[in-house]
Amino acid sequence: MREMDFGECLRRSKASEAQSDDADVIRLFFDGDAAEVREASLSEDKQGIDYVATLSSGREVRIDAKRRYGCAQYWPGGVPEFTLEEWSSRPEAGDPGRLGWALDAKKQTDYILFTWPEDECSQRHIVPFQMLRKAFETNLSTWRDDYKYNARQPNRWQGRRWLSSCVFVPAPVVWRAIYRAGSLDVRQPRRQRVGQLTLFRI
């Protein structure tokens, strides 16, 4: 498997063309309500945040941008895929590893922005992070079996090498899973007690 140059990926994502596209897309998604879209500060960046959009109300929305290059040719039927990271760094002997961003409940991001170069795919998706995380957590085992799964992706950056793992899931499949993760039906038999309330998950 080809080794991924993390530094090159970072340079591409920080290129002015990509950043300009991201900022425009964020403004479009908020339908003009984003009074300002700025790059994240260094401390915010370390928390997995790429952009902060300030709405006209003053509310700040934190966004992590995920842009992939050269992948559309591998999409079955031309349907865009979301790359969902299971392990940022896989556990190895003496190393507990680091959980992937898509499963990190501590992540401070509100939304994930999935984009690709326009000549590959003109679609843009902005996804609520915690619902995405829940959907991924629930479906991970199935998705590893059903879709492309890079269990041991080699990476390098600044002399360091490590292995990560991710699953490539068609966007419509993820959106349906998010709908199910966020939907409850009080008539269904699968019960879950939450305080004094009984929830029935679809």
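Before reading further, recall that the structure is shown in the block above.
K.L.:
I tried to follow the overall build of the protein on my own but got confused; where do I start?
P.N.:
Within the protein, the secondary structure is distributed over five helices and twelve strands. The long-range fraction of contacts in the protein, counting pairs at least 24 apart against all pairs at least 6 apart in sequence, stands at 54%. In the structure as shown, the protein presents an accessible area of about 12,000 Å², 49% of it carried by carbon and sulfur atoms.

K.L.:
What is the right way to look at the pairing of strand S5 (residues 81-89) in this model?
P.N.:
Successive side chains on a regular strand alternate, one facing one side of the sheet and the next facing the other. Counted residue by residue, S5 has eight buried out of nine residues, so it is predominantly covered. Strand direction decides the pairing type here: S5 and strand S6 (residues 98-99), joined by two bridges, are antiparallel. Residue pairing in the sheet places Ser89 in a bridge with Arg98 of S6.

K.L.:
Even after reading the chapter, I still don't get the state of the cysteines, so can you show me in this structure?
P.N.:
In a disulfide, the sulfur atoms of two cysteines are held together by a covalent bond. Tallied over the entire structure, the rule returns zero disulfides. For the unlinked cysteine Cys121, the closest cysteine sulfur is that of Cys71, found at 8.1 Å.

K.L.:
Can you walk me through the environment of Trp116 in this structure?
P.N.:
Relative to the assigned elements, Trp116 resides in the loop between strand S7 (111-115) and strand S8 (125-128). In this structure, the C-alpha to C-alpha distance between Trp116 and Cys71, residues 45 residues apart in sequence, is 8.6 Å. Residues contacting Trp116, with those up to four places away along its chain left out, are Arg67, Arg68, Cys71, Trp75, Pro80, Glu81, Phe82, Cys121, Gln123, Arg124 and His125.

K.L.:
Even after reading the chapter, I still don't get the pairing of strand S4 (residues 60-67), so can you show me in this structure?
P.N.:
Looking at chain direction, strand S3 (residues 51-55) and S4 are connected through four bridges and run antiparallel. Bridge pairing in S4 places Tyr51 opposite Ile63. With five bridges connecting them, S4 and S7 associate as parallel partners. Across the sheet, Asp64 pairs through a bridge with Ile112, a residue of S7.

K.L.:
Could you clarify how one ought to interpret the environment of Ala53 in this entry?
P.N.:
Tracing the backbone shows Ala53 in strand S3. Judged by relative accessible area, which is 0%, Ala53 ranks as buried. Distance from Ala53 to Glu36, taken between C-alpha atoms, is 5.7 Å for residues 17 residues apart in sequence.

K.L.:
Honestly, the environment of Glu118 in this entry has me stumped. Any pointers?
P.N.:
In this fold, Glu118 is placed in the loop between S7 and S8. Expressed as a C-alpha distance, the spacing of Glu118 and Asp21, which sit 97 residues apart in the sequence, is 9.4 Å.

What counts and what doesn't
- Residues numbered from 1 in each chain as written.
- Predicted model: local features only at pLDDT ≥ 70, side-chain atom pairs only at ≥ 80, totals over all residues.
- Heavy atoms only, no water.
- Helix = DSSP H or I, 4+ residues; strand = E, 2+ residues; numbered from the N terminus.
- Contact = heavy atoms within 4.5 Å.
- Areas by Shrake-Rupley, 256 points an atom, 1.4 Å probe, with all protein chains shown as cover.
- Buried < 20%, exposed > 50% of the residue type's maximum accessible area, 1.4 Å probe, protein only.
- Pairing = 2+ DSSP bridges.
- Disulfide = S-S within 2.5 Å.

Interpretation in functional terms is not warranted from these geometric data alone.
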